[in-house]
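What follows is each chain in one-letter form.
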Amino acid sequence: MPLFNYWQANYPYFCHKVKSLKNYISNLRNIATFAVILLHVTAPFVLKFNKISFASWQLANLLDSMLRFGVPVFVMISGAVLLDRSEPLNIFLGKRLKRIFLPFLFWSIVYFIFIYAGNFQKFSISQLAQILTDKLLKGTYYHLWYIYMILGIYLFVPIVRKWVQNSTKQELHYFLLLWAITLFINTDVAKYIPSIEVLYFSKYLGYLVLGYYLDHYVVTKRSRNNVYFILFILGVALTFLSTSYLTVTANQLNITYYNYLSPNVCLIAIGIFLLGKSLLHQTNTTFTSLDRHSYGIYLAHVLVLHYVYRIVAPLKVSTKSPLSLLLYIIAVASVTYLVSYLLIKLLSLNKRLQKLVT
C-alpha cells in the first residue's frame, strides 16, 4: 500500500490537512494565469508612452509592475510540484513532455492558421509546410515563448530533482545565492559585477529551485503575512519607480526592470508565493476546474483576446482617465479569462480533443 494511502486510511484528518495545505498551489496557478492575461491587456498601454496621458501611462506602468509575477510563479509551482517527487526518467518524460507538448503543438497550428488563413492561396503546399516548420521552431505566436522555456526546464528536472532531494539546506542556499547574483546581470548594476562566469546558475532554473525551497523549507505563518506583503510591495515599487525614472529621463520607454529575471521581479514573485502558501488553503469545484484547465486557458487566451478586442473596439476607451482605463483593462481581461475557460472546457468534453487542448 502506498504510504499516503496508508495514512489516509488510518489518519484521515492528517491527510485532509496535508491536501488542504497543497491547495495553495492550485489557487496560485489560477492567480498567475489571470495575472498573465491582465498583463497582456495592460502591456499595449505601457507601450503608448507619450501617446496617452501621463497619468494613464503611470497606471499602466503600475499594473504591469504588479503583474510581473505570473511567469516566475508558474516556474516556482513546477519546482514545488515536480522536484519533490521520485519517478523513473522514462515515466517523467512520457507524462510531462506529453502533457505539455501535445496541446502546445495543437495550439501552435491553430495560431498558424489564424495568422495565415487569408493568405493560403499565395503559397504552395510545400511553402506552407516550410513556413509552419520554421514557425514551430521559434513560436507561432508571442505568448508561446513560455512553452519553449518550460520544455527546456522540464528536460533539467530529472537531474535537478536528484540534486535538491539530496542537498542540505545550506547547499540550496549556496545555489540560490549564486542565482540571485545572476539576476543583477539584467540590471544597471551589471557593470559593477566581476567577470566571474556565473551564467551556469542563471535564468529560469533558479525559479524552479526557489519554488521547491519555499514549498519544502519555509513554514509560513499568518503572523508573518506583513513580511510577505512587504516583499511584494518592495518589488513592485522598485519595478514601477525604476521604469518610470528611466523612461521619463530618456523620454522613451525603458523596460529593463520588467525583466522576469531581475531581482525586483523576483521579490514580487517570492512575496506572492509566500502569501499564497500562507492564505490560499481553501478551494472549491470551480477553482479546481479553473486550475485543471489553466494550461489550455494560457494557450487559448491570446486568440480569444483578439476577438474580445474586436467586440469592444466601438467602446473607444478613454486613455485620458486612469479610472476608465483601469475598468477597461479589468473588464477585457476578465471576459477573456472566462471565455477562454469556457472554450477549453467545452472542447475538453470531446475525449479525442481533451488531450490536445489542455
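A short tour of the structure in this document, coming up. All figures in this text were calculated on a predicted structure; none of them were measured in a lab. (Residues numbered from 1 in each chain as written. Predicted model: local features only at pLDDT ≥ 70, side-chain atom pairs only at ≥ 80, totals over all residues. Heavy atoms only, no water.)

1. So, the packing of helix H4 (residues 70-82) against helix H9 (residues 205-216)
Next up, step 1: Between H4 and H9, the shortest axis-to-axis distance is 6 Å and the interhelical angle comes to 60°. Taken together, H4 and H9 sit at an angle that is classed as oblique. Judged by the twist between their axes, the crossing of H4 over H9 is right-handed. Along the contact surface, H4 presents Pro-72, Val-75, Met-76, Ser-78, Gly-79 and Ala-80, while H9 presents Tyr-207, Leu-208, Leu-210, Gly-211, Tyr-212, Leu-214 and Asp-215. (Axes fitted to C-alpha atoms, helices over the stretch in contact; angles between N-to-C directions. Helix = DSSP H or I, 4+ residues; strand = E, 2+ residues; numbered from the N terminus. Parallel < 35°, antiparallel > 145°, perpendicular 65-115°, else oblique. Left-handed = near helix turned anticlockwise from the far one by under 90°. Contact = heavy atoms within 4.5 Å.)

2. Details of the pattern of salt bridges
Next up, step 1: Tallying each qualifying case throughout the model produces five salt bridges.
Next up, step 2: Ionic pairing is found between Lys-22 and Asp-215, a salt bridge with its closest N-O pair at 2.8 Å. Of this pair, Lys-22 sits in helix H2 (residues 12-46) while Asp-215 sits in helix H9, and the two are 193 residues apart along the sequence.
Next up, step 3: A salt bridge links Arg-29 to Asp-291, with the nearest nitrogen and oxygen atoms 2.6 Å apart. Here Arg-29 is found in helix H2, whereas its partner Asp-291 is found in helix H12 (residues 285-292), with 262 residues between them in sequence.
Next up, step 4: The partly exposed category is assigned to Arg-29, whose relative accessible area is 22%.
Next up, step 5: Salt bridges linked by common partners bring Glu-87, Lys-95 and Arg-161 together as one network. (Salt bridge = Lys/Arg side-chain N within 4 Å of Asp/Glu carboxyl O. Buried < 20%, exposed > 50% of the residue type's maximum accessible area, 1.4 Å probe, protein only.)

3. Comments concerning the layout of surface pockets
Next up, step 1: Approximately 1,400 Å³ is the volume attributed to the largest pocket.
Next up, step 2: Residue lining of the largest pocket: 41 residues in total, with Ile-25, Arg-29, Ile-77, Val-81 and Arg-85 positioned closest to the centre.
Next up, step 3: Elements supplying a minimum of two residues to the lining of the largest pocket: H2, H4, helix H5 (89-116), helix H7 (145-165), H9, helix H11 (263-279), H12 and helix H13 (294-312).
Next up, step 4: Ranked by the residues each element gives to the lining of the largest pocket, the list is headed by H2, at ten residues.
Next up, step 5: Taken together, the residues of the lining of the largest pocket break down into 18 nonpolar, nine polar and 14 charged.
Next up, step 6: Computed from the structure, the second largest pocket encloses a volume of approximately 280 Å³.
Next up, step 7: Looking at the second largest pocket, it is lined by 16 residues, and the ones nearest its centre are Ala-180, Leu-210, Cys-266, Leu-267 and Ile-270.
Next up, step 8: Of all elements in the fold, only helix H8 (169-183), H9 and H11 reach the threshold of two or more residues within the lining of the second largest pocket. (1 Å grid on protein atoms, 1.4 Å probe; cavity = no way out; pocket = protein on both sides within 12 Å on 5 of 7 lines; lining within 4 Å. Points joined across faces, edges and corners; volume = space filled by probe spheres on them. Nonpolar A, V, L, I, M, F, W, Y, C, P; charged D, E, K, R; others polar.)

4. Concerning H13
Next up, step 1: Along its length, H13 reaches its greatest deviation from straightness, about 45°, at Ala-300.
Next up, step 2: Of all 19 residues that make up H13, 14 are buried, and the element is covered over most of its length. (Bend = angle between axes of the 7 residues up to and from the residue.)

5. A closer look at the nonpolar core
Next up, step 1: Ranked by internal contacts, the top residues of the largest apolar core, which has 95 residues, are Tyr-146, Ile-147, Tyr-204, Tyr-207 and Leu-210.
Next up, step 2: For this core, the leading source of residues is H2, giving twelve residues.
Next up, step 3: Leave out the neighbours within four places in its chain, and Tyr-146 touches Val-71, Phe-74, Val-75 and Tyr-298. (Core = buried A, V, L, I, M, F, W, Y, C linked by side-chain atoms within 4.5 Å.)

6. Some points on the side chain of Asp-215
Next up, step 1: Residue Asp-215 is classed as buried on the basis of its relative accessible area of 11%.
Next up, step 2: Residues contacting Asp-215, with those up to four places away along its chain left out, are Lys-22, Tyr-24, Ala-80, Phe-273 and Lys-277.

7. A short note on unusual backbone geometry
Next up, step 1: Of note, Lys-203 is a non-glycine position whose phi angle comes to about 70°, a positive value.
Next up, step 2: Mapped onto the fold, Lys-203 is located in the loop between H8 and H9.
Next up, step 3: With a relative accessible area of 55%, Lys-203 lands in the exposed category.
Next up, step 4: Its identity is not glycine, yet Asn-251 carries a phi of approximately 60°, on the positive side.
Next up, step 5: Examined against the element boundaries, Asn-251 turns out to sit in the loop between helix H10 (225-250) and H11.

8. Examining H4
Next up, step 1: In a regular helix each residue adds 1.5 Å, so 13 residues correspond to 18 Å; H4 covers 18 Å between its end C-alpha atoms and thus fits that length.
Next up, step 2: Gly-70, Val-71, Pro-72, Val-73, Phe-74, Val-75, Met-76, Ile-77, Ser-78, Gly-79, Ala-80 and Leu-82 are the residues of H4 that are buried. (Expected span 1.5 Å × (residues − 1).)

9. Quick notes on the packing of aromatic side chains
Next up, step 1: Under the criterion given, the structure shown has 27 aromatic pairs.
Next up, step 2: Look at Tyr-111 and Tyr-141: their rings are 5.0 Å apart centre to centre, the planes differ by 25°, and that puts the pair in the stacked class. With Tyr-111 in helix H5 and Tyr-141 in the loop between helix H6 (125-138) and H7, this residue pair connects regions lying 30 residues apart in the sequence.
Next up, step 3: Here Tyr-141 falls in the partly exposed class, since its relative accessible area comes to 24%.
Next up, step 4: Here the aromatic cluster, defined as three or more aromatic residues joined through ring pairs, consists of Phe-74, Trp-145, Tyr-146, Trp-179, Tyr-204, Tyr-207, Tyr-260 and Tyr-298. (Phe/Tyr/Trp six-rings, centres within 6.5 Å; stacked < 30°, edge-to-face > 60°.)

10. Topic: the environment of Ile-193
Next up, step 1: Mapped onto the fold, Ile-193 is located in the loop between H8 and H9.
Next up, step 2: In this structure, the C-alpha to C-alpha distance between Ile-193 and Ile-181, residues twelve residues apart in sequence, is 8.6 Å.
Next up, step 3: Beyond its immediate chain neighbours, meaning those up to four positions away, Ile-193 contacts Ile-181, Phe-184 and Ile-185.

11. Considerations on the packing of H8 against H9
Next up, step 1: Packing of H8 against H9 leaves a shortest axis separation of 10 Å and a crossing angle of 145°. Crossing handedness for the pair H8 and H9: left-handed. Together, Lys-169, Leu-172, His-173, Phe-175, Leu-176 and Trp-179 of H8 and Gly-206, Tyr-207, Val-209, Leu-210, Tyr-212 and Tyr-213 of H9 make up the contact between the two elements.
Next up, step 2: Of the residues contributing to the contact of H8 with H9, the split by class is nine nonpolar, two polar and one charged.

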